[in-house]
Amino acid sequence: MLGLFILCVCLEMTAVALWRLPALRYSDPLRRTLWGCSAGFAVALWARFPPVKAALDCVAVDFSALVKYFFSMIASLALLNYAVTSYGAQSDPPRHIVICRTVAVVSRQATIVVIPTMVVLFFAVVDRSHPTHDFAADHAGQWGAAVFMTLFYLYLGSAAATCAFQWGHVARRAETKSLRAGLTLGSAATWLYAAYSVVRVSFMWLAMFVHVAPPVEQVAGKAGDLLNVAAAALFATGASLPTTGVAAQRWHTWRLLYRLHPLRKDLARQFPEFSFQPLSSLLREATRLAPSLDIRLDRAIQECGDAVEQLRHYATEDLWSAVEEATAHHADPEAATEAYWIAATLRCAHAHQRSALPAAPLPMKPFPDSQAEARWLLRVQGIYVDLPTGVIDEILVHAGRPHGSSKHCLISVGSSRP
């Protein structure tokens, strides 16, 4: 049962690390340090998973423990750097920030001595004549292992306690519920890590002077694993909560962009000069990674707006009034009017029936953001794609311009841009 729990937490932490992998492309130190923390803990957790542990121990006896502790130290340093970097540069920082920065600086400088010392202790001093199930519990009573574990837990404990205090302090003033919940879970996880470090070190040194029965060692090992994995689960959940809102927003933006593809395709076919880049297939556009979704949605709306602005040169003076008359009893008259007008002007553009003077701009609409405008375009597009050919023919005749072709051209929707 414990192995299944460890596997689930390993997968969760790995998912968080992969989710934050794009941070390596940016210069934001906060993103990079949070990714480094997630990736370090993910590797350390996988080293606990029995199949992976067995594979690592084939390299050397208890090699999985060395991998686990070293990557946990990397994650601890990243955690400290994250806590320090999140406050930015301040000329007169509060006392708790000064302490946090001091701990981070001392920890970074001490790695020059601590890591070589731990390697020497592991390979030359710690008795590794027999494989162990739990490194700390099975080596209890050995001074080399006690020093080795003390050096490691000084890193983990100091980093965890520092971040636990910082995140608990900030959580009360968080702007959003998801951020508050994420910081609270992160604080709880790091307090568990700090308590876990104290318990582990105390157990190692106590075993130097008091005999510990094997059943007690096994219970201590399983309890330590459970506490460590529970803290990792809380940390992974807390780290991912603030990004759920961002993920939902990105998904909504992607869906808008995906659904607007017919619009962009048809308008680009008529006016290719307004496209920022050649439009690809629907699958290629849906899986494109650059530029960002927000930029791509803004570009799509601007392309549509520029193309519709150009359609004014193909509209007669009476076209708008003819369209309003035809859509007076429509369930969504505003969107229908724009859809009919664009369908008619696109028919004229396709037939190269350019007007001597451009028509008046389309009515302005107070869109608060690009997503609201995209939703409006989808309303217009939804009406346009169902327009019968005969309706557009009648509107063009009523507006004083016979249709240029009896074939209906599906060149989709409109925009509110003047």
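Residues numbered from 1 in each chain as written. Predicted model: local features only at pLDDT ≥ 70, side-chain atom pairs only at ≥ 80, totals over all residues. Heavy atoms only, no water.

K.L.:
Hey, could you run me through helix α7 (residues 143-171) in this one?
P.N.:
Structural remark: α-helix, 3.6 residues per turn; residues separated by three or four positions point the same way. With 29 residues, α7 extends 40 Å between its outermost C-alpha atoms, agreeing within 8% with the 42 Å of an ideal straight helix rising 1.5 Å per residue. In α7, a bend of some 25° at Y153 exceeds every other bend along the element. (Helix = DSSP H or I, 4+ residues; strand = E, 2+ residues; numbered from the N terminus. Expected span 1.5 Å × (residues − 1). Bend = angle between axes of the 7 residues up to and from the residue.)

K.L.:
I tried to follow the packing of helix α14 (residues 333-350) against helix α15 (residues 370-384) on my own but got confused; where do I start?
P.N.:
Where α14 contacts α15, the two axes come as close as 8 Å, and the packing angle between them is 65°. Considering only the axes of α14 and α15, their crossing is right-handed. Note on element contacts: α15 touches α14 through W376, R379, V380, I383 and Y384, opposite E334, A335, A336, E338, A339, Y340 and A343. Of the residues belonging to the contact of α14 with α15, the class tally is nine nonpolar, no polar and three charged. (Axes fitted to C-alpha atoms, helices over the stretch in contact; angles between N-to-C directions. Left-handed = near helix turned anticlockwise from the far one by under 90°. Contact = heavy atoms within 4.5 Å. Nonpolar A, V, L, I, M, F, W, Y, C, P; charged D, E, K, R; others polar.)

K.L.:
Which parts of the structure should I look at to understand the pattern of salt bridges?
P.N.:
Pairing of side chains with opposite charge becomes possible as their charged atoms draw close. On inspection of all chains with the given rule, the structure shows four salt bridges. Across the salt bridge formed by K53 and D57, the nearest N and O atoms sit 3.2 Å from each other. Residue K53 and its partner D57 are both found in helix α3 (residues 50-57); the two are separated by four residues, about one turn of the helix. Exposure remark for K53: the relative accessible area of 17% places this residue in the buried category. (Salt bridge = Lys/Arg side-chain N within 4 Å of Asp/Glu carboxyl O. Buried < 20%, exposed > 50% of the residue type's maximum accessible area, 1.4 Å probe, protein only.)

K.L.:
Just to check I follow, could you spell out unusual backbone geometry for this structure?
P.N.:
Most peptide bonds adopt trans geometry, and most residues besides glycine take a negative phi value. Within the chain, D62 stands out as a residue other than glycine whose phi angle is a positive 60°. With respect to the helices, strands and loops of the structure, D62 is situated in the loop between α3 and α4 (63-85). Residue classification places D62 among the buried residues on the basis of a relative accessible area of 2%. Positive phi outside glycine occurs at H352, with the angle close to 60°. Within the secondary structure layout, H352 lies in the loop between α14 and α15.

K.L.:
Please clarify how the packing of aromatic side chains should be interpreted in this entry.
P.N.:
Counted under the stated rule, the structure contains 16 aromatic pairs. Consider the rings of W254 and Y258, whose centres lie 5.1 Å apart with planes at 20°: the pair is stacked. On the criterion of helical spacing, the pair formed by W254 and Y258 is a turn pair, its members being four residues apart in helix α9 (residues 214-259). Here Y258 falls in the partly exposed class, since its relative accessible area comes to 37%. With centroids separated by 6.5 Å and ring planes inclined at 45°, the aromatic side chains of F271 and Y314 adopt a geometry described as tilted. With a gap of 43 residues between them, F271 in the loop between α10 (261-270) and α11 (282-286) and Y314 in the loop between α12 (293-311) and α13 (319-326) connect regions that are remote in the sequence. Neither residue differs from the other here; F271 and Y314 are each classed as buried. These aromatic residues form a ring-pair network of at least three members: Y69, F122, F123, F135, F148, F152, Y153 and Y196. Seen from the ring of Y314, R354 lies directly overhead, with NZ or CZ sitting 5.6 Å from the centre. (Phe/Tyr/Trp six-rings, centres within 6.5 Å; stacked < 30°, edge-to-face > 60°. Lys NZ or Arg CZ within 6 Å of the ring centre and 35° of its normal.)

K.L.:
Before we go on, may I ask you to explain the environment of S38 in this structure?
P.N.:
Checked against the element boundaries, S38 lands in helix α2 (residues 29-46). Overall, the relative accessible area of 0% leaves S38 in the buried class. Along the chain, S38 and L79 lie 41 residues apart, while their C-alpha atoms are 9.0 Å from each other. When sequence neighbours within four positions are dropped, the list of residues in contact with S38 reads M13, V16, A17 and R20.

K.L.:
Honestly, a nonpolar patch on the surface in this entry has me stumped. Any pointers?
P.N.:
On the surface, W205, L206, F209 and V210 cluster together into a nonpolar patch covering about 440 Å² of accessible area. By the element assignment, W205 lies in helix α8 (residues 177-209). Residue class for W205 comes out partly exposed when judged on its relative accessible area of 32%. (Patch = residues over 30% accessible without salt bridge, like charges linked within 9 Å, V, L, I, M, F, W, Y side chains within 5 Å. Areas by Shrake-Rupley, 256 points an atom, 1.4 Å probe, with all protein chains shown as cover.)

K.L.:
Just checking my understanding: could you explain the confidence of the model for the protein for this structure?
P.N.:
Note: predicted coordinates in regions of low pLDDT should not be interpreted at a detailed level. Per-residue confidence for the protein averages 79 on the pLDDT scale, and 87% of its residues sit at or above 70. Between the elements of the protein, mean pLDDT differs from a low of 68, seen in α11, to a high of 89, seen in α3. (pLDDT = per-residue confidence, 0-100.)

K.L.:
I tried to follow the environment of R264 on my own but got confused; where do I start?
P.N.:
Its place among the elements puts R264 in helix α10. Classification of R264 as buried rests on a relative accessible area of 8%. Placed 39 residues apart in sequence, R264 and E303 show a C-alpha to C-alpha distance of 7.4 Å.

K.L.:
Sorry, what's going on with α4 here?
P.N.:
For α4, which comprises 23 residues, the first-to-last C-alpha distance of 33 Å matches the rise-based estimate of 33 Å (1.5 Å per residue) to within 8%. In terms of burial, α4 is largely enclosed, as 17 of its 23 residues are buried.

K.L.:
Teacher, can you tell me more about the packing of α2 against α4 here?
P.N.:
Each packed pair of helices is defined by two parameters, the angle between the axes and the distance between the axes. It is the contact of α2 with α4, at a shortest axis distance of 8 Å, that shows an interaxial angle of 160°. Comparing their axes, α4 and α2 come out roughly antiparallel. Considering the relative orientation of α2 and α4, their crossing is left-handed. Where α2 abuts α4, its residues P29, L30, T33, L34, G36, C37, G40, F41, V43 and A44 lie against V67, K68, F71, S72, A75, A78, L79, N81, Y82 and T85. Residue composition of the contact of α2 with α4, grouped by class: 13 nonpolar, six polar and one charged. (Parallel < 35°, antiparallel > 145°, perpendicular 65-115°, else oblique.)

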